[in-house]
Amino acid sequence: MSSRCALVSKIIPFSCVDGPGSRLTLFLQGCNLRCKNCHNPWTMGRCNDCGVCAVHCPHDALAFRDGRVFWQEADCQLCDTCLKMCPQQATPMAQTLSVDDVLKQISRAAPFIEGITVSGGEATTQLPFICELFTTLKTTPALRHLSCLVDSNGELGIQGWEKLKPVCDGVMVDLKAWHERTHLTLTGRGNGRIKHSIRWLAEHNLLAELRLLVIPEQTDYLQAIEPLSEFIRALGDVPLRLNAFQRHGVYGEAKEWRSARPEDVEPLAAALQNRGITNIILPALYL
Ligand code: SF4
Ligand code: SF4
């Protein structure tokens, strides 16, 4: 039995876009970056029970009692009105779940999945929960065949990665821009810690995938192609996924940005290939 809990935004029992094969994906609430391009912007913050959303729920699925908001799942129509109006970029639908609660859901999905992915928000902001969940999975005979992956922004420090290493099968990390200034503009923080994490994970055979998100007129990968290529080559034969920014679902100024098209992504792929980087995964589709 384990009572360690996490604030969980959502669980998708069968996902085919969060790592290899079919996977149960757990989205933890809360992030330490503020990426303008985020497609799950309501996973960034934490609810402070301000009550704003409760008044506006069109289906009376939110109650406000004794200074707290309660989500009544049975009445919820998943219309997302509450997400769009939350001043904290949070959700009233996040639930506090224990490792045991999550294990029950994993057990139900287990015959149909190859593994689980913990994503977010930023998964590693709730590191003790992940460590305990993965440890339990690795020591439960009926579940230990499931691979345990983390989808991360790379902000975690090396001591944190050291804790995760014994029970984690791999980490997928985004590098949102090469230059510090561009990264700061796009995410609210520089990228020194993230580059350090990426190198460390590769050295310890834990970097399952490196991801670059192409945002036309915003990201700087082509301008930094020489140092970027050198950085990626030094990681070894790690899969490099090029993602195409889509403006649908984002908040704020990113709504005005142009979605990426093949002609935005393919020159970067060609430039990387010309510099010896061949393990490249291109976007499966452009919306
Ligand atoms: S989810 Fe957002 S709007 Fe709703 S009570 Fe919490 S902080 Fe307020
Ligand atoms: S998604 Fe939010 S606003 Fe919509 S019905 Fe559910 S609780 Fe209410």
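As the structure is a computational prediction, the values presented were derived from the model and not from experiment. Throughout this description, residue numbers start from 1 for each chain and increase along the sequence as written. Here the convention is simple: chains get letters from A, ligands get numbers from 1, in the order in which they are written. In view of the model being predicted, local features appear only for residues whose pLDDT reaches at least 70, and side-chain atom pairs are presented and counted only at 80 or more, with totals across whole chains, interfaces and linings using the full set of residues. To get the side-chain values, take all heavy atoms of the structure and skip hydrogens and water.

**Let's talk about the overall build of the chain**
Now for step 1: Here a helix means four or more residues in a row that DSSP labels H or I, a strand means two or more in a row labelled E, and each is numbered from the N terminus. On a plain count of helices and strands, the chain comes out with 9 helices and 11 strands.
Now for step 2: A globule of 287 residues ought to have a C-alpha radius of gyration of about 19 Å, and the chain, at 19 Å, matches this closely.
Now for step 3: Expressed as lengths along the three principal axes of its C-alpha atoms, the size of the chain is roughly 60 × 50 × 30 Å.
Now for step 4: Across the 287 residues in the chain, those meeting the buried criterion constitute 51%.
Now for step 5: Restricting the contact set of the chain to residue pairs at least 6 apart, pairs at least 24 apart contribute 66%.
Now for step 6: Summed over all atoms, the accessible surface of the chain reaches about 13,800 Å², with 51% contributed by carbon and sulfur.
Now for step 7: Charge centroids of the chain, computed over 29 positive and 30 negative side chains, lie 2 Å from each other. All radius of gyration figures rest on C-alpha atoms, and the globule criterion is 2.2 Å times the number of residues raised to 0.38. Summary of the burial criterion: residues with accessible area below 20% of their type's maximum are buried, those above 50% are exposed, and those between are partly exposed, where the area comes from a 1.4 Å probe applied to protein chains only. The contact criterion used is simple: two residues touch if any of their non-hydrogen atoms lie within 4.5 Å. Reported accessibility uses the Shrake-Rupley method at a 1.4 Å probe radius. Residues are deemed covered only where the shown protein chains occlude them. Neither His nor the chain termini are counted; the positive set is Lys and Arg, and the negative set is Asp and Glu. A charge is said to be at NZ when it belongs to Lys, at CZ for Arg, at CG for Asp and at CD for Glu.

**A few points about the pattern of salt bridges**
Now for step 1: Salt-bridge detection follows one rule: a side-chain nitrogen of Lys or Arg within 4 Å of a carboxyl oxygen of Asp or Glu. Counted under the stated rule, the structure contains 13 salt bridges.
Now for step 2: For K138, the salt bridge is made with D169, and the minimal N-O distance between the two is 2.6 Å. In this pair, K138 sits in helix 4 (residues 127-138) while D169 sits in the loop between helix 5 (158-164) and strand 8 (170-174), placing the two residues 31 residues apart along the sequence.
Now for step 3: Two residues, R211 and E209, come together in a salt bridge whose shortest N-O distance is 2.9 Å.

**Some words on the packing of aromatic side chains**
Any pair of aromatic rings gets described here by the distance separating the centres and the angle formed by the planes.
Now for step 1: Any two rings among Phe, Tyr and Trp, with Trp reduced to its six-membered ring, count as a pair given centres within 6.5 Å; such a pair is stacked if its planes are under 30 degrees apart, edge-to-face if over 60, and tilted if neither. On inspection of all chains with the given rule, the structure shows 3 aromatic pairs.
Now for step 2: Each ring, one from W178 and one from F231, has its centre 5.4 Å from the other, and the planes form 70°; the classification is edge-to-face. Of this pair, W178 sits in the loop between strand 8 and helix 6 (180-187) while F231 sits in helix 8 (residues 225-233), and the two are 53 residues apart along the sequence. We note that W178, like F231, is buried.
Now for step 3: Only when the NZ of Lys or the CZ of Arg is both within 6 Å of the ring centre and within 35 degrees of the ring normal is a charge said to sit over the ring. Sitting over the face of the ring of F27, K10 holds its NZ or CZ atom 5.4 Å from the ring centroid.
Now for step 4: Across from the ring centre of F70, 4.4 Å away, lies the NZ or CZ of R65, which sits over that ring.

**Brief notes about the site of ligand 2**
Now for step 1: Only a single heavy atom is needed: when it lies within 4 Å of a molecule or strand, its residue is near that molecule or strand. If you check the shell around ligand 2, you find 14 residues, and the closest are C57, C76, C79, D80 and C82.
Now for step 2: Partitioning the shell around ligand 2 into residue classes produces 10 nonpolar, 3 polar and 1 charged. Any residue outside Ala, Val, Leu, Ile, Met, Phe, Trp, Tyr, Cys, Pro, Asp, Glu, Lys and Arg is labelled polar, Gly included; the first ten of those are nonpolar and the last four are charged.

**Remarks on the site of ligand 1**
Now for step 1: Taken together, 13 residues lie around ligand 1, and C47, N48, C50, C53 and C86 are the ones closest in.
Now for step 2: Considered class by class, the residues forming the shell around ligand 1 number 8 nonpolar, 4 polar and 1 charged.

**Things to note about the environment of G276**
Now for step 1: Here G276 lies in the loop between helix 9 (262-274) and strand 11 (280-281).
Now for step 2: For G276, a relative accessible area of 54% puts it in the exposed group.
Now for step 3: In the structure, G276 is positioned 14 residues away from P262 in sequence and 21 Å away in space, judged by C-alpha atoms.

**Brief notes about the sheet that holds strand 10 (residues 240-244)**
Now for step 1: Spatially, 9 strands are ordered 5-1-2-6-7-8-9-10-11 in an open sheet, and the strand pairing comes out mixed. If you trace the sheet from one side to the other, it starts and ends with strand 5 (95-98) and strand 11, each paired once.
Now for step 2: The sheet contact formed by strand 6 (residues 115-119) and strand 7 (residues 147-152) spans 4 bridges and is parallel. Bridged to T117 within strand 7 is L149. At least two DSSP bridges between two strands are required for those strands to pair.

**So, the packing of helix 3 (residues 99-109) against helix 4**
Now for step 1: Each axis is a line fitted through C-alpha atoms, taken for helices only over the stretch in contact, and angles between the N-to-C directions span 0 to 180 degrees. Where helix 3 contacts helix 4, the axes come no closer than 10 Å and their chain directions differ by 45°. Classified by the interaxial angle, the pair formed by helix 3 and helix 4 is oblique. For the pair helix 3 and helix 4, the crossing hand works out as right-handed. Each of V99, V102, L103 and I106 in helix 3 lies in contact with helix 4, whose residues at this interface are F129, E132, L133, T136 and L137.
Now for step 2: Of the residues assigned to the contact of helix 3 with helix 4, the class counts are 7 nonpolar, 1 polar and 1 charged. The scheme is simple: roughly parallel for angles under 35 degrees, roughly antiparallel for over 145, roughly perpendicular for 65 to 115, oblique for anything else. The hand of a helix crossing depends on one turn: near helix anticlockwise from the far one by less than a right angle means left-handed, and clockwise means right-handed.

**What about the side chain of T124?**
Now for step 1: Along the polypeptide, T124 turns up in the loop between strand 6 and helix 4.
Now for step 2: For T124, the residues in contact, after removing those within four places along its chain, are I130, V150, S152, L156 and W161.

**Examining the side chain of R211**
Now for step 1: Here R211 lies in strand 9 (residues 207-214).
Now for step 2: Under the relative-accessibility criterion, R211 is labelled buried at 7%.
Now for step 3: Aside from chain neighbours lying at most four places away, what touches R211 is D151, M172, V173, D174, L175, R241 and N243.

**Focus on helix 3**
Now for step 1: Every buried residue of helix 3 is accounted for by V99, D100, V102, L103, I106 and A109.
Now for step 2: Next to the buried residues of helix 3 lie strand 1 (5-15), strand 2 (23-28), strand 5, strand 6 and helix 4.

**A short note on the domain arrangement of the chain**
Now for step 1: For the chain, the assigned domains are domain 1 (5-43 + 95-281) and domain 2 (52-85).
Now for step 2: For domain 1 and domain 2, the distance between their C-alpha centres works out to 30 Å. Residue ranges assigned to each domain were obtained from an automatic or database domain assignment.

**Focus: the packing of helix 8 against helix 9**
Now for step 1: In contact at an axis separation of 10 Å, helix 8 and helix 9 are set at 60° when each is read in the N-to-C sense. The two elements helix 8 and helix 9 meet at a crossing, and its hand is right-handed. Together, I225, L228, S229 and I232 of helix 8 and L268, A271 and L272 of helix 9 make up the contact between the two elements.
Now for step 2: Class assignment of the residues belonging to the contact of helix 8 with helix 9 gives a composition of 6 nonpolar, 1 polar and no charged.

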